[in-house]
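Inside the fold
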Amino acid sequence: MFSQSALALGQFRGRKLALLVGINHYGPGINLGGAPQDLKIQRNLLENRFGFAAENILTLQDEQATVSGFLAAFQTVLQNRVQSDDLIFVHFSGYGIRLQSDIGAIPALVLPGTKGPEAIALSTVQRLLQTLNPAQAVLVLDTSFDNTPYSLGAYWHSRTYPKSQPTPALVTLEEDAQSGFGLGRSPLIQLLAAAQGVTPEIQINGVAVGLFTATLGEYLSAFDPLGTVTSGQSNFAIHLPRDEAQPATVQLLGTKSAALYGVAPEVTTPAPGNIMAQSATGIGLYLGGLGPEILQAIAPGSEFIALGESSQKILLTSKTGVFGQGKASSQDPSPGTILQEVKRHLPHSLSLKIAFAEELSRIERVDATSAFANIAHLATVSGPQDWVDYVFEDGYQLSTITGKNVAGIVPVSDANEAIQSSVARLQPRLEQLLALKWLRLLANETSTQLSLKLQLQRLDRFATVVTEKNTPLRVGQPRGNTSPQAIFALAEKGLYRLENNSGQPLFALGFAQSPKQELFLLTPKEGVALNMSTVGTTLEFSALRPLGTWIIYWIIGDRPFSNFQNQVMQQFGELETIPQKLEKPLPLIQALLSDLHQTSPEGTEATKDTYVLATNQWAGLHLRHTVVEAG
């Protein structure tokens, strides 16, 4: 059932019109790659989630999106169509820039031109929306205006216009001299990838896509279809994978609460994706609700159910970007039908994807390729069209793709160290990083069918709930932090509380990832039993060093973790200290995967190359808290 606020947001008398603008081709050496995928994601969301009619979505790509083409779309096509009761939705994927003017530095969108790129001020775009005089306007910008102090390298492409290129000419309109902005009845809703800082494109399954658009699709599909801008200001933030230095922002120019897309979605069930259309190769699937890293890793054979009268099983056969192809168990379901994840297949051969820094010489690249080939079970070399986990730097160190050194790596002791020995030196850390990647891939709080409640409490006299998560996700259900920031002072006491409402006994293991990416076991080796009780199972903790953000993983299954226990016994014997730092976590996490793996039913083909995880028998929940100095 909708809440009253959700019903109010869903009441909309006019039509829903959209303009989608995506630009890859600006000129030699300055092209992007992800705009078409962005527009495909947005079109799917608008049509299949928010009920936009296909004929009411106008698309401009590349040479169609010159300044003259862009202005014509507003001043001719839309001006003749938009009525006072309509909603107008505008999405832009392409370069942004901050240009100097008489009034200071102004953000602008970069468009292709006949004599080189041109720019149009963001204020001009706002003015164009105002002249349409719709009932509601939404502006989504997957672009950034500021240059980053570090290089994103060849594997992440910044959407800030390159400093090395000639500055685009600024095209202005007379109306730009006017001040203020308002639509009369509703404020402009702006969803910005980066009000300050930089937003990148990333590679998912061999296709470039804007990180902001991909994660916006994940949020609206899997987490909170009924999210509003006011709740979004505390809950809606796009984080770069493994690096939260540049969160996205959500802005509302005004005080009235509004749905993120200006109207409540017609399909409100949280889901990993939906059916798109039939093709010669199968059923088209949108799978963006799974999130980039998980979608990159899942293997063909993963199973979904198309929710509806027949609840048909859909088998994943291939992936391209955030989309896929599937095969139905019987008749093909209709476009727009939402999916439910049933079984997640993850390949045994999963490894870290390592890119090479541009500064490495050709000989160094050859040597490094040979060195990593010897540990292919841990890390493999990534090409420019591949997903990237980490970068092998010219100092033979490891960094994130945003340039941060990976903590915990033994520094080079010899300036003349050979690459073979440097990769061997990195091997223990690579094992730890791969274990952490496996834990991230076990996250399924948006798709698990186990009924659970997880709380992070502060042990004060009020037993304050800092964060609460409930599964399975339901429409309008609160999720995420009840407090915007979970902050604990060093040595402050806290409590994890897990409540099992699934109707069957469950078992849980807890892990903590430190700011240095060390991994700790929080529970006894056998985990904790989650009996069916409203009292729940609790585990106390003290906020530890190092200072910074800790990530807590709770892995829940329907059977004892016997393989995990055996591995713990081999490494530690009987655990005497909890929490216990795991120096060699990879064998432990692989044993955990074996415990969660669903054996093939008798008479069916065994899955020898993948772990098969069933959403009605496993849950992976994450929490975060930040540790600061006391006082």
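Everything numeric in this text was worked out from a predicted model, so none of it was measured.

1. Considering the sheet that holds strand β14 (residues 274-279)
The seven strands lie next to each other as β14-β15-β18-β17-β16-β19-β34, forming an open sheet whose pairing is antiparallel. Both edges of this open sheet fall to β14 and β34 (610-614), since each of them pairs with a single strand only. Going across the sheet, the axis of each strand differs from the next one's by a mean of 35°, ignoring polarity. Relative to β34, strand β19 (residues 339-347) runs antiparallel, the two sharing five bridges.

2. Comments concerning the pattern of salt bridges
Applying the stated criterion across every chain yields a total of 18 salt bridges. For Asp-38, the salt bridge identified is with Arg-159, shortest N-O distance 2.7 Å. Separated by 121 residues along the polypeptide, Asp-38 in helix α2 (residues 35-48) and Arg-159 in the loop between β8 (157-158) and β9 (169-171) bring together distant segments of the chain. Residue classification places Asp-38 among the buried residues on the basis of a relative accessible area of 0%. Taking relative accessible area as the criterion, Arg-159 reaches 0% and is therefore assigned buried. As a salt-bridge pair, Lys-437 and Asp-389 come within 2.8 Å of each other at their nearest N and O atoms. On the criterion of sequence distance, the pair formed by Lys-437 in helix α9 (residues 419-441) and Asp-389 in the loop between β21 (379-381) and β22 (390-392) is long-range, its members being 48 residues apart. When its relative accessible area of 0% is taken as the criterion, Asp-389 is described as buried.

3. Regarding the packing of aromatic side chains
Applying the stated criterion across every chain yields a total of 17 aromatic pairs. An angle of 85° between the planes, with centres 5.5 Å apart, marks the rings of Phe-372 and Phe-392 as edge-to-face. You can see Phe-372 sitting in helix α8 (residues 362-373) and its partner Phe-392 sitting in strand β22, a full 20 residues away along the chain. An identical accessibility class is assigned to Phe-372 and Phe-392; each is buried. Counting every residue linked through ring pairs, the aromatic cluster contains Phe-50, Phe-52, Phe-89 and Tyr-261. Against the face of Phe-323 rests Lys-40, its NZ or CZ located 4.3 Å from the ring centre. Just above the ring of Phe-488 sits the side chain of Arg-458; from NZ or CZ to the centre is 4.6 Å.

4. Considering the sheet that holds strand β24 (residues 452-458)
Sheet architecture is open: four strands sit in the order β25-β24-β27-β31, paired in antiparallel fashion. Pairing within the sheet leaves two strands with one partner each, and these edge strands are β25 (464-471) and β31 (537-542). Ignoring which end each strand starts from, the neighbouring axes of this sheet average 15° apart. Pairing of strand β27 (residues 493-500) with β31, which is carried by six bridges, proceeds in the antiparallel orientation. Residue pairing in the sheet places Tyr-496 in a bridge with Leu-539 of β31.

5. Structural notes on the confidence of the model for the chain
Predicted confidence across the chain gives a mean pLDDT of 86, with 87% of residues reaching 70 or more. Of the regions scoring below 50 in pLDDT, residues 177-181 engages in seven contacts with residues more than four places distant in sequence or in other chains. Low confidence marks residues 478-483, where pLDDT is under 50. Its contacts with residues over four positions away, or in another chain, come to 16 contacts.

6. Overview of the environment of Ser-302
Within the secondary structure layout, Ser-302 lies in the loop between α7 (292-297) and β16 (303-306). Classification of Ser-302 by relative accessible area gives buried; the value is 1%. Residues Ser-302 and Val-612, 310 residues apart in the sequence, show an inter-C-alpha distance of 8.1 Å. Other than its neighbours up to four places away in sequence, Ser-302 contacts Ile-314, Leu-315, Leu-316, Lys-343, Arg-344 and His-345. Here the side chain of Ser-302 touches Ala-299 through a polar contact of 2.8 Å, landing on its backbone oxygen. At a separation of 3.1 Å, a polar atom in the side chain of Ser-302 contacts the main-chain amide nitrogen of His-345.

7. Considerations on the packing of α9 against helix α11 (residues 585-596)
Running from N to C, α9 and α11 point in directions that differ by 25°, and their axes come no closer than 8 Å. In this view, α9 runs roughly parallel relative to α11, as classed from their interaxial angle. Helix-helix and strand crossings are classified by hand; for α9 and α11 the assignment is left-handed. Of the residues in α11, those touching α9 at Glu-431, Gln-432, Leu-434, Ala-435, Trp-438 and Leu-439 are Pro-585, Leu-586, Ile-589 and Leu-593. The residue makeup of the contact of α9 with α11, split by class, is eight nonpolar, one polar and one charged.

8. Quick word on the pairing of strand β5 (residues 104-111)
Pairing between strand β4 (residues 96-101) and β5: six bridges, direction antiparallel. Among the inter-strand pairings, Ser-101 is bridged to a residue of β5, identified as Gly-104. Between β4 and β5, which pair antiparallel and follow one another directly, the connecting turn spans two residues. Counting the residues in the hairpin turn of β5 and strand β6 (residues 118-121) gives six residues, including Gly-116, whose phi is positive at 120°.

Scoring rules and cut-offs
Residues numbered from 1 in each chain as written. Predicted model: local features only at pLDDT ≥ 70, side-chain atom pairs only at ≥ 80, totals over all residues. Heavy atoms only, no water. Pairing = 2+ DSSP bridges. Helix = DSSP H or I, 4+ residues; strand = E, 2+ residues; numbered from the N terminus. Axes fitted to C-alpha atoms, helices over the stretch in contact; angles between N-to-C directions. Salt bridge = Lys/Arg side-chain N within 4 Å of Asp/Glu carboxyl O. Buried < 20%, exposed > 50% of the residue type's maximum accessible area, 1.4 Å probe, protein only. Phe/Tyr/Trp six-rings, centres within 6.5 Å; stacked < 30°, edge-to-face > 60°. Lys NZ or Arg CZ within 6 Å of the ring centre and 35° of its normal. pLDDT = per-residue confidence, 0-100. Contact = heavy atoms within 4.5 Å. Polar contact = N/O pair within 3.5 Å; in protein donor to acceptor, adjacent residues only side chain to side chain. Parallel < 35°, antiparallel > 145°, perpendicular 65-115°, else oblique. Left-handed = near helix turned anticlockwise from the far one by under 90°. Nonpolar A, V, L, I, M, F, W, Y, C, P; charged D, E, K, R; others polar.

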